[in-house]
Amino acid sequence: MTIKEVQALILWYQKNKRDLPWRTTSDPYKIWISEIMLQQTRVEAVKNYYQNFIQQLPTIEDLAKVKEDTLLKLWEGLGYYTRARNLKKCAIEVKNLGLKTLPSEEKELKKLPGIGDYTSGAILSIAYHKCTPAIDGNVIRILSRIYEEERDWNQKQVKEEYTHLLKTFMTEENARDFTEGFIELGAIVCIPNGLPHCAICPFAKVCKSYQENKMLEFPKKKEKKKRKVVHVTVFIFTKDGKYYIEKRTQKGLLHGLYEFYSLEKNMTEKEIKEYLNLKKIPYTKIQFIDTFHHLFTHLEWEMKAYVITTSKDNKNFYSKQELESKFSLPTAFRKILKHLK
Ligand code: ADE
């Protein structure tokens, strides 16, 4: 790669970039929110979440003050909820440091929760026009193909080498478009699934894998570990057309979000009855709905859902409509909620 291709990339980006809501701002706070949302979520899905989030919490001070439940509601459906919690932690730290917004120094930025090499590179280059590359999956794919890179990107040295290389092409003038240009090229030309559109790529002439028609061999794939399957029995207690939910107190996965009562084991209807009797929970009917699946990064839930009609009194019963609009119910449970009346 030479400065010639990099300039061509930037021109290509300026002409072809998608109209995305975070591309009309230089506010480091807004850039940061968009980058955190985009880390594990598709652009199309992020658009609405981003706009709603910024509307509700327009400044970092608003984020520092937000109630946990409100924050999780804004994040509901995006998954990886640690990201949302870290955002708030970060906003509080920024406030405690006496700053009005995120720091513009790499060393300071990386001390904050949830901000690593990629996010700090993105914030610094996009919002502060600094020569700090941001290497995400898109950039890894492009570089791997250009150079037929065989090594594992998890090796620190590999990322460092490319960070150094990219830096040599960055200037204060091009920093923002450089970072976004690479990301955009990875999203719409050097695509992850299917044949890349090499004929229109600014790097076509210098791309080793294109010359040898080996684009699909890069980046080198690591062996994927199989997800562990966790069996979950979901008890949907119902009374007068309302459903029971509670806050998840267990540390770890989905902590602090709402859920239907559930146990991490596979249970037969007989075992469910025994359990209800043991816990002295009155019931008149048990109805199996279906088996639902939900994938997390490292595991898969296989959920068997039962609606259990009960006469037990409790304030935690809500209508389907209330559950949809008022609570941060994770996607795994929303899949079940859709099937309820
Ligand atoms: N993915 C990660 N960062 C992005 C950005 N700024 N624009 C579009 N997609 C992205």
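Parameters and conventions
- Residues numbered from 1 in each chain as written.
- Predicted model: local features only at pLDDT ≥ 70, side-chain atom pairs only at ≥ 80, totals over all residues.
- Heavy atoms only, no water.
- Salt bridge = Lys/Arg side-chain N within 4 Å of Asp/Glu carboxyl O.
- Helix = DSSP H or I, 4+ residues; strand = E, 2+ residues; numbered from the N terminus.
- Buried < 20%, exposed > 50% of the residue type's maximum accessible area, 1.4 Å probe, protein only.
- Polar contact = N/O pair within 3.5 Å; in protein donor to acceptor, adjacent residues only side chain to side chain.
- Core = buried A, V, L, I, M, F, W, Y, C linked by side-chain atoms within 4.5 Å.
- Contact = heavy atoms within 4.5 Å.

Chemist: Which parts of the structure should I look at to understand the pattern of salt bridges?
Modeler: Summed over the entire model, instances satisfying the criterion amount to 24 salt bridges. When the shortest N-O distance is used, the salt bridge between glutamate 180 and arginine 23 registers 2.9 Å. Of the two residues, glutamate 180 sits in helix H11 (residues 175-188) while arginine 23 sits in the loop between helix H1 (3-16) and helix H2 (28-38), which places them 157 residues apart along the sequence. Among the ionic pairs, lysine 239 bridges to aspartate 240, the shortest N-O distance being 3.6 Å. The exposure class of aspartate 240 is exposed, given its relative accessible area of 69%.

Chemist: I would appreciate a short explanation of the side chain of glutamate 149 in the present structure.
Modeler: With respect to the helices, strands and loops of the structure, glutamate 149 is situated in the loop between helix H9 (137-147) and helix H10 (156-167). Accessibility expressed as a relative area gives 8% for glutamate 149, which makes it buried. A distance of 2.8 Å separates a polar atom in the side chain of glutamate 149 from a polar atom in the side chain of arginine 151. Of the polar contacts made by the side chain of glutamate 149, one reaches the side chain of tyrosine 162; its length is 2.7 Å.

Chemist: When you look at the nonpolar core in this model, what are you seeing that I'm missing?
Modeler: Here is a general trend for soluble globular proteins: nonpolar side chains tend to be buried in one another's company. Residues Trp32, Ile33, Phe53, Leu63 and Phe260 are the most contacted members of the largest nonpolar core, which totals 57 residues. In contact with isoleucine 33, not counting residues within four places along its chain, are Tyr50, Phe53, Ile54, Leu63 and Leu87. Membership of the second largest hydrophobic core comes to 27 residues, among which are Ile10, Ile142, Trp153 and Leu185.

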